[in-house]
2 protein chains.
Amino acid sequence: MKPAGISGIYKEGICERQIDELAMSSKNKNIRDLYRGINDFKRGYQPRSNSVKDENGDLLADSHSILNRLKNYFSQLLNVHRVNYVRQLEIHTAESLVPDSSPFEVESAIAKLKSLSHTLMLVPNLHWIVIEDAESPSSLVGKLLKNSGIAYTHLTAATPKQWKLREKESNWKKPRGVLQRNTALQWIRNNLKADVAQGVIYFADDDNSYGLEVFEEMRDTQMVSVWPVGLAGGLMVEMPVLDPKTGHVTGWNSAWRPERPFPVDMAGFAINLSHFLKHPEAKFSFNVESGYQESEILRHLVTQEQLEPKADNCTRVYVWHTRTEAPKLQSEKQLNKKGLKSNAGIEV
Amino acid sequence: MKPAGISGIYKEGICERQIDELAMSSKNKNIRDLYRGINDFKRGYQPRSNSVKDENGDLLADSHSILNRLKNYFSQLLNVHRVNYVRQLEIHTAESLVPDSSPFEVESAIAKLKSLSHTLMLVPNLHWIVIEDAESPSSLVGKLLKNSGIAYTHLTAATPKQWKLREKESNWKKPRGVLQRNTALQWIRNNLKADVAQGVIYFADDDNSYGLEVFEEMRDTQMVSVWPVGLAGGLMVEMPVLDPKTGHVTGWNSAWRPERPFPVDMAGFAINLSHFLKHPEAKFSFNVESGYQESEILRHLVTQEQLEPKADNCTRVYVWHTRTEAPKLQSEKQLNKKGLKSNAGIEV
């Protein structure tokens, strides 16, 4: 049930209706509500956000009105209790299914997802699409998402057995997250329209470390934006190389498979939502070599020349390709052989 | 310069003066200020928090007054720009020093510290003490702490050469973080007084995954509280075993060195600040066997019988002992041999 593929859509200037919908979601913990409220309202105080609107959708320009709206908004939040409307949707795949992941993998996935959720809780106007690699959505992941207060969509897509990594098989032997990311992309295509959708698609991973800056940088992506990724591709920083005069991407500093059309890490680019929706052929594939997933989707969406460099002309690192160790659970395995387990009766 | 030892003090019902001081700190980014404001104010809306006070320190009881205070507070936040007062303090140790950590370690440490900072940003009334294992505090860590908006103290303590792990030496060969944690504890002793200090000491680690719940659970610790830790000690969950009748800790389910007086992970307990200050002998030591650091400090502070079980009588997991892989940077090492590096001119 490991949540392998996680996609985030980052909405910008999104229609008010949807914001209201999000504000109505996941009201089961006051602490979360408050952060949600803040996430929505903070946009009013940031230079790059456009407006604070009142209950009727009218623009508020002076600080007095804005603060009053804030007061009313908090007042509403304080009076709403446990509205359990959460947009949730399940997609069951027709693929042949494999046994569920081990309890170790589940526990480790939950721990990592929890850390990632704290980063995403600090990002305004984010919709988190989480795809579990499982037959049906687990209550553990569902509870975590609900408690985070983040607007989310919880889907499942079970990797076919022939594409699952065997124990001790290297990470790069088989493409990972292809089906999960494509499931997220299909959900986006099914639920949003190119002519009205505003936002950015970003492929997040529960192993990586994200600075909050990266979510701000990607916000005004027109087609596809790119930036440096720390600790990726065997380098301290893997990144686009820019022409100092034009500021366009002219190449890459990648050392691993530099011949790839787009030698960039999954954490190093974002796609404009509307632009993506105009290209139905853009997706990931099981039929490309290791390291070519990013190139596979990007070749349908952008040329190297068109890429939009972010992070101060690619001079700053805001995201790192960190990896979490597989937990070492020798004692647990010995217990299991005796029919015992350390976590009987324990809730995560 | 790896920040090896990190300690958090979690203040409860702390004096208003200090909160005001914290609110004045680190005002260099509006987004952070807002979260800080929230962290302070949220306590007013949580059942366990006692009060919202107005500018004169008087208690506000009705929702109208509370919301007005909120409005004023946000108004103040909006009008304060870049106040750079940050409580910062440097301790230089007299120990023999060793060369700085490699750039890989620095980069990896920053990535992990950033993720941890996002979790801590969501915890109200937290003071973060960060100890760098370095001769002098790095600007990278300093910038990260300042930008987080969290109240912090940034110290250094360089591990003596004979206690540094050599390359490929196992983690458990030499005690880690002893000097750093003791430096934090000494800072606490130097700066706080037992008769007025309120709060809880918790030893956080940038590798672990923390649910926000754990910070709430530890808040009312009287002496020493304990709870389960996921993926620790070779088990799915390592935890205290309670007497079902009395609710007291009667033992542990630990499989690794279960003969230890307190076979508990560093992430599995918290100490009342005032109680700690009354026991000047409580600290960590280089002269104990692997796995005995927790027992070393706890033996001065508490008996097993006195431990306060948290997390619904130790039936829930709110923290996981995850570990981050050392980054694989073969290509970078090859570049370095040629006198090159991937990150020339790049800022983290």
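Conventions we followed
- Residues numbered from 1 in each chain as written.
- Chains lettered and ligands numbered in written order.
- Predicted model: local features only at pLDDT ≥ 70, side-chain atom pairs only at ≥ 80, totals over all residues.
- Heavy atoms only, no water.
- UniProt positions renumbered as here; feature names shortened; annotations may be inferred.
- Helix = DSSP H or I, 4+ residues; strand = E, 2+ residues; numbered from the N terminus.
- Buried < 20%, exposed > 50% of the residue type's maximum accessible area, 1.4 Å probe, protein only.
- Contact = heavy atoms within 4.5 Å.
- Areas by Shrake-Rupley, 256 points an atom, 1.4 Å probe, with all protein chains shown as cover.
- Phe/Tyr/Trp six-rings, centres within 6.5 Å; stacked < 30°, edge-to-face > 60°.
- Polar contact = N/O pair within 3.5 Å; in protein donor to acceptor, adjacent residues only side chain to side chain.
- Salt bridge = Lys/Arg side-chain N within 4 Å of Asp/Glu carboxyl O.

An unreviewed UniProt entry annotates chain A as Galactosylgalactosylxylosylprotein 3-beta-glucuronosyltransferase of Cryptotermes secundus. Word for word, the UniProt comment on chain A under Subcellular location (unreviewed entry) is "Golgi apparatus membrane".

Novice: Describe the overall build of chain A, and please don't skip the residues or the numbers.
Specialist: Helix and strand counts for chain A stand at 11 helices and 15 strands. The burial tally for chain A puts 59% of its 348 residues in the buried class. The long-range share in chain A, meaning contacts at least 24 apart out of those at least 6 apart in sequence, stands at 74%. As displayed, chain A offers around 14,700 Å² of accessible surface, 48% of which is attributable to carbon and sulfur atoms.

Novice: Help me get a handle on the packing of aromatic side chains, residues and values and all.
Specialist: A ring pair, where both rings are aromatic, is described by two values, the distance of the centres and the angle of the planes. According to the stated counting rule, one finds 12 aromatic pairs over all chains in the structure shown. Pairing A:Phe203 with A:Phe284 gives two aromatic rings, centres 5.1 Å apart and planes at 80 degrees, and the pair type is edge-to-face. Separated by 81 residues along the polypeptide, A:Phe203 in strand β6 (residues 200-204) and A:Phe284 in the loop between α8 (273-277) and α9 (293-298) bring together distant segments of the chain. We note that A:Phe203, like A:Phe284, is buried. Ring plane angle 80 degrees and centroid distance 5.9 Å describe the contact between B:Tyr202 and B:Tyr210, whose orientation is recorded as edge-to-face.

Novice: Which residues make up the environment of A:Gln198, and what values go with them?
Specialist: Residue position: A:Gln198 is located in the loop between α6 (178-191) and β6. Counting along the chain gives 102 residues from A:Gln198 to A:His300, while the straight-line C-alpha distance between them is 20 Å.

Novice: Tell me about the UniProt feature "active site" (unreviewed entry) in chain A, residues and numbers included.
Specialist: Residue and element names in this part refer to chain A. In the UniProt entry, the feature "active site" (unreviewed entry) is given for Glu-294. Among the secondary structure elements, Glu-294 is positioned in helix α9. In this structure Glu-294 comes out as buried when scored by relative accessible area, which is 9%. Discounting chain neighbours no more than four positions away, the residues touching Glu-294 are Phe-262, Val-264, Asp-265, Met-266 and Phe-269. A distance of 3.1 Å separates the side chain of Glu-294 from the backbone nitrogen of Met-266, its partner in a polar contact.

Novice: If you had to explain the UniProt feature "site: Interaction with galactose moiety of substrate glycoprotein" (unreviewed entry) in chain A to someone new, which residues and values would you point to?
Specialist: Residue and element names in this part refer to chain A. UniProt marks Glu-238 with the feature "site: Interaction with galactose moiety of substrate glycoprotein" (unreviewed entry), using the numbering shown here. For Glu-238, the position within the fold is in strand β10 (residues 237-238). For Glu-238, the contacting residues outside a window of four places in its chain are Pro-228, Val-229, Ala-232, Gly-233, Asn-253, Ser-254, Arg-260, Pro-263, Val-264 and Asp-265.

Novice: Pulling in residues and values, what's your account of the pattern of salt bridges?
Specialist: Per the counting criterion, the structure on display carries 20 salt bridges over all chains. Two residues, A:Asp207 and A:Lys112, come together in a salt bridge whose shortest N-O distance is 3.0 Å. Here A:Lys112 lies in helix α4 (residues 103-121) and A:Asp207 lies in the loop between β6 and β7 (209-210), a separation of 95 residues in the sequence. As far as the burial class goes, A:Asp207 and A:Lys112 line up, both buried. Three or more residues joined by partner-sharing salt bridges are found here, namely A:Arg323, B:Glu325 and B:Lys328.

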